[in-house]
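# Architecture at a glance
So you can see what is in the structure, the chains are spelled out below.
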Amino acid sequence: MTNDLMLLLPLIIVGVGAIALMLASAYKIINNTSAALGSALVFAVAFLVQLSFCLKGNAVLFSDTFNGILVANTFSKGAGLVILACGLFTSLSSQTYFKQNDFCSPEYYSLTVFAASGMLLLTMTQELISAFVALEIMSLAIYILVGYNRKNVVAAEAVLKYLMLGAFAGAFLTMGTAFVYGQTGTTQFAKIGQYIAANGFTQSPAIIGGAFFILVAFLFKAAAFPFHAWVIDVYDGASMPITGYMATGLKTAIFAVFANFLVADAQLHAGWITFLFYVSVLTMFAGNLIAIGQYSLKRMLAASGIVHSGYLLIALVAVSTEAFSGAVIAYYLAAYAAGTLGIFSALSYLSGKDEKRVTFDDFKGLAKVRPYSAAAISIFLLSMAGIPPTAGFMGKFYIITSAIDAGQVTLAVLGIISSVISMWYYLRLIINMYFYEAEESFADTVPSSLASACTFALAFCVFAISLYPLAI
Amino acid sequence: MFADGLFMLFAVLAVLGAAGLVLFRHPMNGAMSFVITLISLAGLYALLSAKLIFALQLIVYAGAIMSLIVFIIMFLNIQPEDLPKEEGKLLNILGALIIVAPIGYFLVKIVNRLPNATTELLGNNFGGVKPVGLLLFKDWLVPFEIVSILLLVSLMGALLLAGKKKEVSK
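Residues numbered from 1 in each chain as written. Chains lettered and ligands numbered in written order. Predicted model: local features only at pLDDT ≥ 70, side-chain atom pairs only at ≥ 80, totals over all residues. Heavy atoms only, no water.

Attention now goes to the domain arrangement of chain B. Residues and elements named next belong to chain B. The assigned domain composition of chain B is domain 1 (2–127) and domain 2 (128–163). On a C-alpha basis, the centroid separation for the pair domain 1 and domain 2 is 23 Å. In total, about 360 Å² of surface goes out of reach between domain 1 and domain 2, with carbon and sulfur atoms giving 74% of it. Contact with domain 2 buries surface across domain 1, with L52, N125 and G127 losing the most and accounting together for 84% of the total. Linking domain 1 with domain 2 are zero salt bridges, by the criterion used here. The tally of links between domain 1 and domain 2 comes to one residue pair in polar contact (both at pLDDT 80 or more). Counted by class, the side of domain 1 that touches domain 2 contains two nonpolar, two polar and one charged residues. (Domains from an automatic or database assignment. Buried area = accessible area lost by both parts, 1.4 Å probe. Salt bridge = Lys/Arg side-chain N within 4 Å of Asp/Glu carboxyl O. Polar contact = N/O pair within 3.5 Å; in protein donor to acceptor, adjacent residues only side chain to side chain. Nonpolar A, V, L, I, M, F, W, Y, C, P; charged D, E, K, R; others polar.)

Turning our eyes to something else, we now look at empty space enclosed by the protein. The gaps left among the atoms become clear once a water-sized probe is rolled over them. Residues and elements named next belong to chain A. Overall, the coordinates contain two cavities of 30 Å³ or more when judged by the stated rule. Quantified by volume, the largest cavity comes out at close to 80 Å³. Counting residues per element, the ones that place at least two in the lining of the largest cavity are α1 (2–24), α3 (74–100) and α4 (107–124). Looking at the lining of the largest cavity, the element that brings in the most residues is α4, giving three residues. (1 Å grid on protein atoms, 1.4 Å probe; cavity = no way out; pocket = protein on both sides within 12 Å on 5 of 7 lines; lining within 4 Å. Points joined across faces, edges and corners; volume = space filled by probe spheres on them. Helix = DSSP H or I, 4+ residues; strand = E, 2+ residues; numbered from the N terminus.)

With that settled, the discussion passes to the confidence of the model for chain B. Residue and element names in this part refer to chain B. With 95% of its residues at a pLDDT of at least 70, chain B reaches an overall mean of 86. Of all the helices and strands in chain B, helix α4 (residues 89–112) carries the lowest mean pLDDT, 88, while helix α2 (residues 27–47) carries the highest, 92. With a pTM of 0.92, the predicted complex shows an ipTM of 0.89. (pLDDT = per-residue confidence, 0-100.)

The next thing to look at is the packing of aromatic side chains. Residue and element names in this part refer to chain A. Counted under the stated rule, the structure contains 29 aromatic pairs over all chains. On the basis of an interplanar angle of 65° and a centroid distance of 5.3 Å, the ring pair of F62 and F66 is categorised as edge-to-face. Note on Y143 and Y162: the rings are 4.9 Å apart at their centroids and 90° apart in plane angle, and the pair reads as edge-to-face. On the criterion of sequence distance, the pair formed by Y143 in helix α5 (residues 128–146) and Y162 in helix α6 (residues 153–184) is long-range, its members being 19 residues apart. With a relative accessible area of 4%, Y143 lands in the buried category. Accessibility expressed as a relative area gives 0% for Y162, which makes it buried. Joined through ring pairs, the aromatic side chains of F172, F179, F201, F212, F213, W272 and F275 make up one cluster. Lying across the ring of Y436, K364 places its NZ or CZ 4.5 Å from the centre. The ring of F360 carries the charged tip of R428 above its face, separated from the ring centre by 4.2 Å. (Phe/Tyr/Trp six-rings, centres within 6.5 Å; stacked < 30°, edge-to-face > 60°. Buried < 20%, exposed > 50% of the residue type's maximum accessible area, 1.4 Å probe, protein only. Lys NZ or Arg CZ within 6 Å of the ring centre and 35° of its normal.)

Residues and elements named next belong to chain A. For helix α15 (residues 371–385), which comprises 15 residues, the first-to-last C-alpha distance of 21 Å matches the rise-based estimate of 21 Å (1.5 Å per residue) to within 8%. Listed in full, the buried residues belonging to α15 are S373, A374, A376, I377, S378, F380, L381, S383, M384 and A385. Buried residues in α15 make contact with α12 (297–318), α13 (327–350), α14 (366–369), α16 (391–405), α17 (409–434) and α18 (450–466). G386 sits one or two positions beyond α15 and adopts a positive phi of about 90°. (Expected span 1.5 Å × (residues − 1). Contact = heavy atoms within 4.5 Å.)

Opposite charge on two side chains permits them to pair, given that their charged atoms come into close proximity. Residues and elements named next belong to chain A. Applying the stated criterion across every chain yields a total of five salt bridges over all chains. A salt bridge links D233 to R299; its shortest N-O distance comes to 3.3 Å. On the criterion of sequence distance, the pair formed by D233 in helix α9 (residues 229–237) and R299 in helix α12 is long-range, its members being 66 residues apart. Using a relative accessible area of 23% as the deciding quantity, one classes D233 as partly exposed. When salt bridges with common partners are traced through the structure, they connect E157, K161, D233, D236 and R299 into a single cluster.

Shown next as structure tokens:
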């Protein structure tokens, strides 16, 4: 009982912290900086509490009271750590970002924490209705954060697109849940798995249709092909730190619940392997094609986020339902989060007032003026491209080997090819930073700030994560 | 057989109302059409002898929420010339119908093969306040509680996105 409470504690801290920040932001004495530090504190405490428990072992939290809906397993704890770290770095780099962009209010940080509470719930839930509510908590908070700058037309367009299409995804999830419930009489993953194991997956069209709709909703949120069209505009419209948060924290939560649902039963997973195979291949190559054509850095990173969703789908195809630990997925998510958050926190202090530096050309010659920042950005880009000895390389390595172990050699080869193609747009920025004369002095960037501290901490993380190999 | 007839009536009305919501040009007509959907849904709940949900559907959705929406639409005083031009609407609808038709066919197949298509109504005060409350607070405690966070977030969102802009404090 006490143990359950301890495992639930990170979620409780985040939830209480969000409500406290919301109440505090009503007072004049709380300004943006103190709200930012407050939210960072909430994330840091929750992170340390999460870290202080043994990550191994499964526990159904309060199985009588909660009716087996919340489960804390190795995977959910690992994903929770990634989410809390994402929240911490987002809060800190937002503080710097809003020194040059003035549309912030203290509620911004409260919403960041609320979004994290939805994400944590999403990683732990083992039931479809709770998953839907948690998904909506996360999505609603993110919608508001995307449209926070009300004077910006691009942000308004982004939030409208995201809200409309997100509502479609939510409707698909509800529809799928209804079908699955109609057939099996339950919405819990474990009981759905038992039903399928007893009656067979292909015997009931309602389960196939229901699972299809649920998969569509998850694929939409994870920005997989063919549901990737919204990503570029939404990431472009959101502010830098929020784009980073969406690309990392949100994706972690979605892939956590996606994996938890898929491993409910071996037949369920096997039934979707072919479908997920094609989706992941198309996601990787469509993302690469889009990324190559971009001139804006933010849009390129959005498109590269699609490609990384493709790699994660490879891991989902290869996942084993018998001894599911999700280690490969969690590791890749951590590696990807370190790289992406790093580059977004660097952009938070380098992009200048009202994000005036956004294209590749704007960063020409950065290495001459700001050598350390340029070096850090290069590390993040190399990690995302998958060059050893960075975390991104190890993450890709584990995904490719797990695919080969699962007999998906074609998929592994296609993953490597896609990774080679992705060098094109990652190296393009490095070349722009290093092989051109500086055209401007980047004098208006905040010199020493929380965001630059985050950047260097994350550059360290990129190497640290790669030195912490998985025991497969 | 009388119940079957009622079911068909309510189901058709619900779908027609939803279609009207999308197709009517003026928001007020759309809102009125949506009221029909909500009331027919209440009828469907009543056919399932879900008394509490039936009452809540009428009071909360068809009553409170819809009157608020209608009030806001009237408050905005939308004239026909304020509405955007919808050219090629029929063509768009036709195209969408053709695309959606296979999915609809798929859905019909699924629904026809659902088990327990014919079930007896449960007695034992099913759908009353007490059984629903017990179910909500015993079996479905987690979703019920986390919905409160969802409502809080949406409340904040409404205030932040639509509320009066505060002076930015540096």
